[in-house]
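Architecture at a glance
Chain by chain, the residues run as shown.
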Amino acid sequence: MPHYQPPLRDMHFVLDELLDLNAELAQLPAHAGLDATTVHQVLEEGGKFAAERLFPLNQTGDREGCQYDAATRSVTTPRGFRDAYQQYVAAGWPSLACDPAYGGQGLPVVLNNAFYEMLNAANQAWTMYPGLSHGAYECLHAHGSEAQKQLYLPRLVSGEWTGTMCLTEAHCGTDLGLLRTRAEPQPDGSYRLTGNKIFISAGEHDMAANIVHLVLARLPDAPSGTRGISLFVVPKFLPDAQGEPGERNAIGCGAIEHKMGIHGNATCQINLDGAKGWLIGEPHRGLNAMFVMMNAARLGVGMQSLGLTEVAYQNALAYARERAQGRSLSGTKASSAPADPIIVHPDVRRMLMTARAYAEGGRAFTSYVALMIDRELNHPDDSVRREAADEVALLTPIVKAFLTDNAWIATSEALQVFGGHGYIAEWGMEQYVRDARINMIYEGTNTIQSLDLLGRKVLMDQGEKLRRFGEKIRHFIVAQSADPAMAEFITPLADLAEKLVKLTAEIGGKAAADPEEMGAAAVPYLRVAGHLVYAYFFARMAKLSLTRAAGGDPFYQAKLATARFYFARLLPETAMLIRQARSGAASLMAMDFS
Ligand SMILES: Cc1cc2nc3c(=O)[nH]c(=O)nc-3n(C[C@H](O)[C@H](O)[C@H](O)COP(=O)(O)OP(=O)(O)OC[C@H]3O[C@@H](n4cnc5c(N)ncnc54)[C@H](O)[C@@H]3O)c2cc1C
């Protein structure tokens, strides 16, 4: 049986020591009264809910999966999911980071993010139900009419109703410009929606009284392509005059998918047979509105992968301490036992340290991005808000793709620590690998994230956002240059920063002559950028730890050891990635596959 311990000590380190949360929050009027003690209490309680309530349902949920009943078009979630959701709602967890105007607690995104790491570590499939609702909340909050907000937001905030995002159709996944679902205007101001969506997460279930579907569709006069897509709110039950679930709407689940992982989450075919819906925001501007939800969801997917990385690491570590095989190369370590624990072997330690470094780097990075979202939403100075928004835009594709690729590596390494036992379901490790795989695909595949980073976020703005983030790194490097103890971190960080600038210019030049060059370089480019960001955060964490390790707290020694491992063993991947990115499009485009 696997186990999970919320990583509260590391969370406190990141929030309080690395990011100086108290000082940050003091600058944001909406959170000025919030202090570290309250943040710690919320995380402790949230961690208990995750570890004690959700984690025990993870393996059973995977084994049972969701059941679809064609006669009633209903979905039954695995045993315990519904009860856990009711407890979650009763405890007020859905409202944590929501607007007080609609019943929310108004706590910062950075806190909600840390909470979601723990929920996902405990049970990713379950967490997708409230996770998607929160995305729907954000979208309606940003783009809904006042009447829509009054009707839907309090119920999404309380968790009484859940939400979905309905984009994908059978012929249209990445390329949403192809979508066909139609929306016909009705005399009463509503719309009749007809079409078929596939792969809709949490599209039908038994956990909440109503489901608020946010659906992309085309109006009759819509231009073709992505400029002709509008967004609609289509509830499963039409709200009555009191706002309670009334008549059943003509939207329903036609089937659920049988899939590789996240079995506890219903992946639904959703049929709209003249369903009643209402336009959100402007006609033909639906993709724009949906981007609010998609960006939130991209960070959310990063948190799914961070959670899986952490829980897989914890279990691999416990196993490696217990499992006895062979003797240490440098001489027996457990002389009273017939063999040493496998944690003595260098390569087992490499696997453990890989997962650990990806968890700690990911936690520092995503907490920083979440804090930038808090600045973007709440800072009183407009220029600070804009700067934060630019940084979030630049870093979001890196959160999505780098963390999810790393979780695939980390969960696989953690499984490998178990040898053959990792491949056996009972230990829980193969579930983490299966669950981690989807995170690289949905919310825009990692290829699409890479194209977004290199094409839109870097080249289209002449590298301006990247340059400004690079300035932060440069300031840190300059500030540390007089400290010889920091040289082991600063030298490779400065070297990589310089190489990324050169690489960007080189690809930009080649892409201007041949756009295929951008497509050919994007994936390795994003990984190089991801490593630069991690190197920056590991160097900052090393700086704090060097100063504080003298106090004798082993936490800081461990942090330094992880940072050193990261620089020695993971960062060097960038040499290969840069060569790949520079190798150009020719070797990819030459083959005649016919
Ligand atoms: C379990 C699960 C849950 C999901 N949940 C939801 C949900 O809640 N709501 C929702 O709307 N959708 C959901 N999806 C759909 C998901 O977002 C899509 O599967 C994903 O966006 C990819 O689309 P596709 O599957 O059609 O692949 P395609 O778009 O057909 O892509 C196939 C391959 O081609 C590559 N590719 C495509 N276009 C390009 C390009 N222009 N440049 C380079 N490479 C390209 C892709 O990267 C990919 O490798 C879910 C999917 C799954 C499996």
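Everything discussed here concerns the structure shown above.
Our subject in this report is the structure included herewith. (Residues numbered from 1 in each chain as written. Predicted model: local features only at pLDDT ≥ 70, side-chain atom pairs only at ≥ 80, totals over all residues. Heavy atoms only, no water.)

Let's talk about the packing of aromatic side chains
Cut-off, in case you're wondering: Any two rings among Phe, Tyr and Trp, with Trp reduced to its six-membered ring, count as a pair given centres within 6.5 Å; such a pair is stacked if its planes are under 30 degrees apart, edge-to-face if over 60, and tilted if neither. Each helix corresponds to a stretch of at least 4 residues labelled H or I by DSSP, and each strand to a stretch of at least 2 residues labelled E; elements are numbered beginning at the N terminus. For the exposure calls, accessible area comes from a 1.4 Å probe over protein chains only, and a residue counts as buried if that area is under 20% of its type's maximum, exposed if over 50%, partly exposed in between. Only when the NZ atom of a Lys or the CZ atom of an Arg is both within 6 Å of the ring centre and within 35 degrees of the ring normal do we say a charge sits over the ring.
For the structure shown, the criterion picks out 31 aromatic pairs. Between Tyr 4 and Phe 55, the ring centres sit 6.2 Å apart and the planes meet at 40°, which makes this aromatic pair tilted. Linking Tyr 4 in the segment before α1 (8-18) with Phe 55 in the loop between α3 (36-54) and α4 (58-64), this pair joins segments that are 51 residues apart in sequence. Residue class for Tyr 4 comes out buried when judged on its relative accessible area of 8%. For Phe 55, a relative accessible area of 11% translates into the label buried. Note on Tyr 85 and Trp 126: the rings are 6.2 Å apart at their centroids and 50° apart in plane angle, and the pair reads as tilted. With Tyr 85 in helix α5 (residues 81-90) and Trp 126 in helix α6 (residues 109-143), this residue pair connects regions lying 41 residues apart in the sequence. The side chain of Arg 9 reaches across the aromatic face of Phe 555, ending 4.0 Å from its centre. In this structure, Arg 155 packs its charged tip against the face of Trp 161, placed 5.2 Å from the ring centre.

Some details on the site of the ligand
For clarity, the threshold we go by: To be near a molecule or strand, a residue needs just one of its heavy atoms within 4 Å of it. Throughout this description, a polar contact denotes any pair of N or O atoms lying within 3.5 Å of each other; where both atoms belong to protein, one of them has to be capable of donating a hydrogen while the other can accept it, and for residues adjacent in sequence the pair is counted only when both atoms sit in side chains. Each accessible area is a Shrake-Rupley result for a 1.4 Å probe, and residues are judged covered by the shown protein chains and nothing else. Gly counts as polar in this scheme, as do all residues outside two lists: the nonpolar Ala, Val, Leu, Ile, Met, Phe, Trp, Tyr, Cys and Pro, and the charged Asp, Glu, Lys and Arg.
The immediate surroundings of the ligand are formed by 19 residues, with Thr 168, Thr 174, Phe 199, Ser 201 and Thr 445 found nearest. With respect to the ligand, the backbone of Met 165 contributes an N or O atom lying 2.8 Å from a nitrogen atom. Here a nitrogen atom of the ligand and a side-chain polar atom of Ser 201 are 2.8 Å apart. Relative to its unbound accessible surface of 970 Å², the ligand loses 63% to contact with the protein. Secondary structure elements with two or more residues in the shell around the ligand: β5 (191-201) and α12 (446-459). Its residues assigned to classes, the shell around the ligand comprises 10 nonpolar, seven polar and two charged.

Taken by themselves, the reported measurements are silent on function.
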